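What follows is each chain in one-letter form.
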Amino acid sequence: MQKRWKSILILILFIAPLAILSLLFIDEEIEDNAFEVSNLKLSEFDEIFIDFPSKAATSFKKINGFWYQTKPYQTRADQTIVYRILSILAAKSKEKLDSMKLEKYGLDKPKLKMTFSNNNEKKVFSFGTYNPVTEQQYVLFDNNVFILDGIFSEMAEYSPVELIDKRPLAPFEKVMKFDYSRLEQWQENFLRIDVSEDGKAKAVGQKIEYDEDQLNTWLTDTWFKVLATSVEPYKLDARVGYKSFDLYLDDKAKITFYRIQESPELLLFRKDEGLLYHFPQDIGFTMLNPSVSRLE
């Protein structure tokens, strides 16, 4: 019986490595046989146009290395989604099909067209129907039809509002001061948070105390990492008299946020962008209440 188990064990030890090598070889062979959809590079283009047959177009433009939505809204774009859309330029397909039968793939009347543009050229990708077996999508580019994952067109079909950057501050906006002195809870303290060149926070005001480490953690985790749950264009009714606070940047620019609502979620309106940011109530409370204690 022991000899039998030893034989089985030796067989397993011998076969397992071969099986693993075989799987790796198959994966490598599939990868080698895949067709590159294009030899274009993401960095070559600074505009993206997404056109639909039955709804308004969406477009993006890269300015100083940052992507903005230019239609239908003119605002910061969600960088992650834009780069995922751009990643089609580096996509590979397991099949390359006959482009003479466009109607067979729904490409005679594409459900959307995606155009990547720069000063010298425009490259167009057309999206057709889905393969009923693989559930992948037929895509026409440069007179060739490829089968790709539907994620590219799915992201392009997001509503324009979903394509707006959900960060209340852009990564290139360097905040030097928060002025909370107009908020009720900080009016008596005239609270400001100054930020040094190296990113260290300091509370300034009357009858306050704070722990420097806690304040720095608040600054980093609350304002520099926070994402809104949603963003939308909004028209402020100035007659209501909403409370507001200011952020000052290193270029002396001022950003004013209006507190539209605190419960059941915090709604902050950024005046210069004309956008309303939604935050969960607990995160919203922390955003407006730094790690600072009032002294009696």
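Right above here is the structure, for reference.
Because the structure is a prediction, the values reported are computed rather than measured. (Residues numbered from 1 in each chain as written. Predicted model: local features only at pLDDT ≥ 70, side-chain atom pairs only at ≥ 80, totals over all residues. Heavy atoms only, no water.)

### Topic: the side chain of Asp78
Argument step 1. You can see Asp78 is positioned in the loop between strand S5 (75-76) and helix H2 (79-86).
Argument step 2. Buried and without a salt bridge, Asp78 has Lys166 as its closest oppositely charged side chain, separated by 4.6 Å.
Argument step 3. A polar contact of 3.1 Å, which involves the side chain of Asp78, links it to the backbone nitrogen of Thr80.
Argument step 4. A polar contact of 3.2 Å, which involves the side chain of Asp78, links it to the backbone nitrogen of Ile81.
Argument step 5. When residues no more than four places from it in sequence are discounted, the contact partners of Asp78 are Leu163, Ile164 and Asp165. (Helix = DSSP H or I, 4+ residues; strand = E, 2+ residues; numbered from the N terminus. Buried < 20%, exposed > 50% of the residue type's maximum accessible area, 1.4 Å probe, protein only. Lys, Arg positive; Asp, Glu negative; His and termini not counted. Salt bridge = Lys/Arg side-chain N within 4 Å of Asp/Glu carboxyl O. Polar contact = N/O pair within 3.5 Å; in protein donor to acceptor, adjacent residues only side chain to side chain. Contact = heavy atoms within 4.5 Å.)

### Focus: the pattern of salt bridges
Argument step 1. Within the structure shown, the criterion is met by 15 salt bridges.
Argument step 2. Residues Arg182 and Asp246 are paired through a salt bridge, measuring 2.9 Å at the closest nitrogen-oxygen approach. Here Arg182 is found in the loop between strand S12 (175-179) and strand S13 (192-195), whereas its partner Asp246 is found in strand S17 (residues 244-249), with 64 residues between them in sequence.
Argument step 3. Asp246 sits in the buried class, given a relative accessible area of 3%.
Argument step 4. In this structure, Arg270 engages Glu273 in a salt bridge whose closest nitrogen and oxygen atoms are separated by 3.6 Å. One exposure class covers both Arg270 and Glu273, and it is buried.
Argument step 5. Look at the salt bridges and you will find they share partners, linking Arg76, Asp165, Arg167, Glu173, Arg270, Asp272 and Glu273 into a network.

### Quick word on H2
A turn of α-helix holds 3.6 residues, and therefore any two residues three or four places apart point the same way.
Argument step 1. Taken together, the buried positions of H2 are occupied by Gln79, Ile81, Val82, Ile85 and Leu86. Relative to the axis of H2, the buried residues are bounded by an arc of 165° and lie together on one face.
Argument step 2. Measuring from the backbone nitrogen of Thr80 back to the side-chain oxygen at the start of H2 gives 3.1 Å, which picks out Asp78 as the cap. (Arc of directions from axis to C-beta.)

### Description of the packing of aromatic side chains
Argument step 1. Taken as a whole, this structure holds 17 aromatic pairs when the rule is applied.
Argument step 2. Each ring, one from Phe116 and one from Phe125, has its centre 5.6 Å from the other, and the planes form 90°; the classification is edge-to-face.
Argument step 3. Its relative accessible area of 0% is what places Phe116 among the buried residues.
Argument step 4. Seen from their ring centres, Phe178 and Trp218 are 5.6 Å apart, and the 65° between their planes marks the pair as edge-to-face. Residue Phe178 is located in strand S12, and its partner Trp218 is located in helix H4 (residues 212-223); the two are separated by 40 residues in the primary sequence. (Phe/Tyr/Trp six-rings, centres within 6.5 Å; stacked < 30°, edge-to-face > 60°.)

### With respect to the nonpolar core
Argument step 1. Counting 33 residues, the largest nonpolar core has Phe178, Tyr180, Ile193, Trp223, Phe245 and Leu247 as its most contacted members.
Argument step 2. Top contributing element to this core by residue count: H4, with 4 residues.
Argument step 3. If sequence neighbours within four positions are ignored, Leu247 has contacts with Leu169, Val175, Lys177, Phe178, Trp223, Ala253, Lys254, Ile255 and Phe257.
Argument step 4. Counting residues in hydrophobic clusters, the runner-up holds 29 residues, among them Leu86, Phe152, Met155 and Ala156. (Core = buried A, V, L, I, M, F, W, Y, C linked by side-chain atoms within 4.5 Å.)

### Brief notes about the pairing of strand S18 (residues 254-261)
Argument step 1. The element S18 is largely enclosed, with a buried count of 6 among its 8 residues.
Argument step 2. Two elements, S17 and S18, share 5 bridges in a ladder whose sense is antiparallel. For Leu247, the partnering residue across the bridge sits in S18 and is Ile255.
Argument step 3. Pairing of S18 with strand S19 (residues 265-270) involves 4 bridges; the strand directions are antiparallel. Bridge pairing in S19 places Gln261 opposite Leu267.
Argument step 4. The antiparallel hairpin formed by S18 and S19 contains 3 residues in its connecting segment. (Pairing = 2+ DSSP bridges.)

These results come straight from atomic positions and should not be treated as a statement about function.
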